[in-house]
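Topology and contacts: notes
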Amino acid sequence: MLATLNAPISENSLQVVYEYPESLSPVVTHYCPGCTHGIAHRLLAEALDELGLREKTILVAPVGCSVFAYQYFETDGCEAAHGRAPAMATGLKRVQPDKTVVTYQGDGDLVSIGAAEILHAAARGENITTIFINNAIYGMTGGQMAPTTLPGQKTTSSPFGRNTTMTGNPIRMSELLANMDGSAYIVRRSLHDVKNIRKAKKAIITALKVQMAGLGFSMVELLSSCPTNWSIQPEKALEWIEDNMVPYFPLGDYKVRDEVNGL
Amino acid sequence: MAKELLKGNVAIAEAALRAGLEAYFGYPITPQTELLEHLSKRMIQLNRVFLQAESEVASINMVYGAASAGVRTMTSSSSPGISLMQEGFSYIAASDVPCVVVDIMRGGPGLGNIQPSQGDYFQVTRSAGHGDYHPIVLAPASVQEAIDFTVLAFDLADKYRHLVMIAADGQIGQMMEPAELPPMRPIRTERPEWALTGAKGREKNIVTSLFMQPEEEEAFNQKIQARLKIIRKNEQRWYEYLTEDADLLVIGFGTAGRIAYSAVEAAREKGLKVGLLRPQTLWPFPEDRLSELADRIRGCLVVEMNAGQMIDDVRLAISGQVPVNFYGRMGGMIPMPDDILTAIEETLTRLYSAAGLPI
Ligand SMILES: Cc1ncc(C[n+]2csc(CCOP(=O)(O)OP(=O)(O)O)c2C)c(N)n1
Ligand code: SF4
């Protein structure tokens, strides 16, 4: 082992195994240390690169921590009103069906204020792809309860822990949208470890392929961390996803239309 | 092209597509629905985009998306739906993307009713959502004007990269009149250079309304204000009738202005010196012309189908030079020419007696 490490490195033996994706803008993001928004960005950028989609992609950013997502991708981009990304994406896609339109939305944006827009986009089989970041909290506004906040979870607006008698129960959006006939590909993945991150990337690639093939609505839900507002260390936050979020939001494929398997 | 008998809503829809409308998004609401229905057929026949959205919130945001792609796009609704669209208007205005919105106004507040009203004057002219800006607002008083203003609306929207609204009361939307449609224009093939079409062989384009630094946001606001100043200078439009020797100027827009026209004619038959100013743009309001006229009239009578909204703009333009009287009907009631004539006579009597003149 030591011998190999100490062996002189020849030019030819150098291999690029990790590069800055072309679709990712070379800028510093504003995300907190340890936040998995950054990982999700990288995965999406790599997927766009691998499918050669950068020059035909339009990214619709949400209102939430990823409000500046359009600054971080080397694609055309815009910033929708809170929850309206699927509607804005619908407008963009309908007038230029040959382009790739991607919405990137948090759980407050997608499950709460934008529930109607995402549900109808899925029902219509809108040929767009949604990257849905579920971090069980409102990150941007400082950690309030989200529709995905777990029962008993403390947030700044559920300081005694989420009381489901008063607030109702968390909404499992992938399961819900999978019920829409218009959705072609709906899966839930997680960003809490390398194995799952790899799976997440594969899913994003498939979702984009679904759009390229014109099969209908595709969404990849990503269980994501918010160490800042969960008030825990980044590594602990990853464990928290695995221990608490995964049991409530089971990972898996909720809708994979037959044609998707052939892609 | 020859005149045909056309319903206002259908005429606007047909004029829009002839003006090059590429994508329409809307939600049914009376008294606007025929507009949506007409486009649901014609847009599909022409292989263009028609989509019935899940709500007005969604339709205006779909318009925002299509406008960001640089195509001619439009939505239409009536008062309660326009209330719901306010968020989208504000984002659109803050993103410099052009689009057209038609408001076929009905009685309110609340669910109100489906009769004609002009109760949306404030919500369309003042800001249409949060923030400091005004849309351009065109107010037709006939089916022909509705057609002409629809074409104009698209041209103004593109020219200024601005939100343009057509504010017509339900009467204009529902009535049938002989009118002439414009010829069919070809769809634009070129997209503006700022449009979101994919960053192929160019820098990426961004459409956003977000300026986190207050300095940046102020600079953006100054840009909007500079544009509005030019619009205010160039785009004031109005119709004027018998103002030359008028002592009393009757001011009304849309259907109220049209009925006021009949009242002014009746007053003239009685030998009364009355003229009419009918604003065709509500923003920019024809303030320059009104302030000129204020130098030579004795007073004004504002007629509206609301509790008095445009009257604020009249007062601002007149700046206290002459008294301003008001006659209005609300809740979907339409003023009758005789009622306006009575208001004209009462106003004149008051003005003459205040000046010590014989009536
Ligand atoms: C109409 C409107 N309501 C409320 C807000 C305030 N707001 C901004 S972000 C946000 C929540 C975002 O949470 P989420 O979608 O979960 O994204 P995260 O920040 O966690 O990534 C809220 C409520 C807003 N900008 N607009
Ligand atoms: S607040 Fe939470 S979601 Fe937002 S950037 Fe920070 S860690 Fe990420």
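Our subject is the structure that appears above.
Attention here is on the structure that accompanies the text. None of the values given here were measured: they were computed from a predicted structure.

Bringing the sheet that holds strand β2 (residues 23–26) of chain B into the picture now. Residue and element names in this part refer to chain B. Pairing is mixed in the open sheet, where seven strands are placed in the order β3-β2-β4-β5-β7-β6-β13. Of all strands in the sheet, those bounded by a partner on one side alone are β3 (49–52) and β13 (281–283). On average, each strand axis in the sheet is inclined to that of its neighbour by 20°, with strand direction left out of account. Direction of pairing for β2 relative to strand β4 (residues 73–77): parallel, over a ladder of two bridges. Each bridged residue has a counterpart across the sheet, and for Tyr-24 the counterpart in β4 is Met-74. Contacting β2, β3, β4 and β5 (99–105), helix α3 (residues 56–68) runs over the sheet at an angle of about 165° to β4.

In this section: helix α4 (residues 79–93) of chain B. Side chains of residues three or four places apart in an α-helix project in the same direction, reflecting 3.6 residues per turn. Residues and elements named next belong to chain B. Relative to the 21 Å expected for 15 residues at 1.5 Å per residue, α4 spans 19 Å between its end C-alpha atoms, a close match to the ideal helical length. At Met-85, α4 is bent by approximately 50°, the largest bend along its length. Burial in α4 covers these residues: Ser-79, Gly-81, Ile-82, Met-85, Gln-86, Gly-88, Phe-89, Ser-90, Tyr-91, Ile-92 and Ala-93.

Here the focus is the packing of helix α9 (residues 254–269) of chain B against helix α12 (residues 337–354) of chain B. Each pair of packed helices gets described by two things: the angle between the helix axes and the distance between those axes. Residue and element names in this part refer to chain B. The N-to-C vectors of α9 and α12 enclose an angle of 55°; their axes lie 8 Å apart at closest approach. Our classification of the angle between α9 and α12 gives oblique. Both α9 and α12 take part in a crossing whose hand is right-handed. Note on element contacts: α12 touches α9 through Pro-337, Ile-340, Leu-341 and Ile-344, opposite Ile-259, Ala-260, Ser-262, Ala-263, Val-264, Ala-266 and Ala-267. Here the residues of the contact of α9 with α12 are counted per class, giving ten nonpolar, one polar and no charged.

The biggest cluster of nonpolar side chains holds 128 residues, and the ones touching the most others in it are Leu-39, Met-74 and Phe-89 of chain B. Residue assignment places this core across two domains, with domain 1 (4–187 + 207–234) and domain 2 (239–354) of chain B each supplying three or more. Beyond its immediate sequence surroundings of up to four residues, Phe-89 of chain B is in contact with Ile-60, Ile-82, Val-101, Ala-128, Tyr-133, Leu-163 and Met-165 of chain B. The next biggest cluster of nonpolar side chains, apart from the first, holds 39 residues, and it includes Leu-24, Ala-47, Phe-68 and Ile-133 of chain A.

Here the focus is the site of ligand 2. Residues and elements named next belong to chain A. Close to ligand 2 lie Tyr-31, Cys-32, Cys-35, His-37, Cys-65, Asn-135, Gly-139, Cys-226, Pro-227, Thr-228 and Asn-229. Among the elements that line the shell around ligand 2, the one with the most residues is helix α10 (residues 227–230), at three residues. In the shell around ligand 2, the residues fall into six nonpolar, five polar and no charged.

Size of an interface: often given as the accessible area lost when the parts come together. Chain A puts 37 residues into the contact, and the matching count from chain B is 35 residues. When the area that chain A buries against chain B is broken down by residue, the three leading residues are Glu-55, Asp-76 and Val-95 of chain A, summing to 22%. One can count four salt bridges joining chain A with chain B. Where Glu-87 of chain B meets Arg-84 of chain A, a salt bridge forms, and the shortest distance between an N and an O atom there is 2.9 Å.

Right, let's get into the packing of aromatic side chains. As enumerated under the stated definition, the model contains ten aromatic pairs over all chains in all. On the basis of an interplanar angle of 45° and a centroid distance of 6.4 Å, the ring pair of Tyr-239 of chain B and Tyr-261 of chain B is categorised as tilted. One end of the pair, Tyr-239 of chain B, is in strand β10 (residues 238–241); the other, Tyr-261 of chain B, is in helix α9, with 22 residues separating them in the sequence. A relative accessible area of 29% means that Tyr-239 of chain B is categorised as partly exposed. The ring of Tyr-18 of chain A carries Arg-42 of chain A above its face, with NZ or CZ at 4.0 Å from the centroid. The ring of Tyr-248 of chain A carries the charged tip of Arg-172 of chain A above its face, separated from the ring centre by 4.1 Å.

So, on to the site of ligand 1. Residues and elements named next belong to chain A. As a matter of local geometry, ligand 1 sits amid 16 residues, with Cys-65, Asp-107, Gly-108, Asp-109 and Gly-139 nearest to it. Within the backbone of Cys-65, one N or O atom sits 2.8 Å away from an oxygen atom of ligand 1. In the environment of ligand 1, an oxygen atom lies 2.8 Å from a nitrogen or oxygen atom belonging to the backbone of Asp-109. Here the element with the most residues in the shell around ligand 1 is helix α5 (residues 107–113); it accounts for four residues. Here the residues of the shell around ligand 1 sort into six nonpolar, eight polar and two charged.

What follows is about helix α8 (residues 214–234) of chain B. Counted at 1.5 Å a residue, the expected span for α8 of chain B with its 21 residues is 30 Å, and the 30 Å between its end C-alpha atoms agrees. Next to the buried residues of α8 of chain B lie α4, β6 (136–138), α6 (143–160) and β13 of chain B.

Attention now goes to the packing of helix α1 (residues 8–18) of chain B against α6 of chain B. All names here are of chain B. For the pair α1 and α6, the least separation of the axes is 9 Å and the interaxial angle reads 30°. Comparing the axis directions of α1 and α6 gives the class roughly parallel. Read as a crossing pair, α1 and α6 show a hand that is right-handed. Of the residues in α6, those in contact with Gly-8, Ala-11, Ile-12, Ala-15 and Ala-16 of α1 are Val-143, Ala-146, Ile-147, Thr-150, Val-151 and Phe-154.

On to the side chain of Ser-209 of chain B. Along the chain, Ser-209 of chain B falls in the loop between β9 (206–207) and α8. Every residue in contact with Ser-209 of chain B, bar those within four places of it in the chain, is listed here: Tyr-91, Ala-94, Ser-95 and Glu-217 of chain B.

Let's shift gears to the pairing of strand β1 (residues 57–61) of chain A. Residues and elements named next belong to chain A. In terms of residue burial, β1 counts as a mostly covered element, since five of its five residues are buried. Bridge analysis of β1 against strand β3 (residues 100–106) gives four bridges, and the strand direction is parallel. Among the inter-strand pairings, Leu-59 is bridged to a residue of β3, identified as Val-102. Both β1 and strand β2 (residues 76–79) contribute to a ladder of four bridges, which runs parallel. Considered in β2, the bridge of Ile-58 is made with Asp-76.

The rules behind these values
- Residues numbered from 1 in each chain as written.
- Chains lettered and ligands numbered in written order.
- Predicted model: local features only at pLDDT ≥ 70, side-chain atom pairs only at ≥ 80, totals over all residues.
- Heavy atoms only, no water.
- Pairing = 2+ DSSP bridges.
- Helix = DSSP H or I, 4+ residues; strand = E, 2+ residues; numbered from the N terminus.
- Axes fitted to C-alpha atoms, helices over the stretch in contact; angles between N-to-C directions.
- Contact = heavy atoms within 4.5 Å.
- Expected span 1.5 Å × (residues − 1).
- Bend = angle between axes of the 7 residues up to and from the residue.
- Buried < 20%, exposed > 50% of the residue type's maximum accessible area, 1.4 Å probe, protein only.
- Parallel < 35°, antiparallel > 145°, perpendicular 65-115°, else oblique.
- Left-handed = near helix turned anticlockwise from the far one by under 90°.
- Nonpolar A, V, L, I, M, F, W, Y, C, P; charged D, E, K, R; others polar.
- Core = buried A, V, L, I, M, F, W, Y, C linked by side-chain atoms within 4.5 Å.
- Domains from an automatic or database assignment.
- Near = heavy atom within 4 Å.
- Buried area = accessible area lost by both parts, 1.4 Å probe.
- Salt bridge = Lys/Arg side-chain N within 4 Å of Asp/Glu carboxyl O.
- Phe/Tyr/Trp six-rings, centres within 6.5 Å; stacked < 30°, edge-to-face > 60°.
- Lys NZ or Arg CZ within 6 Å of the ring centre and 35° of its normal.
- Polar contact = N/O pair within 3.5 Å; in protein donor to acceptor, adjacent residues only side chain to side chain.

Keep in mind that these numbers describe shape and distance, not what the molecule does.
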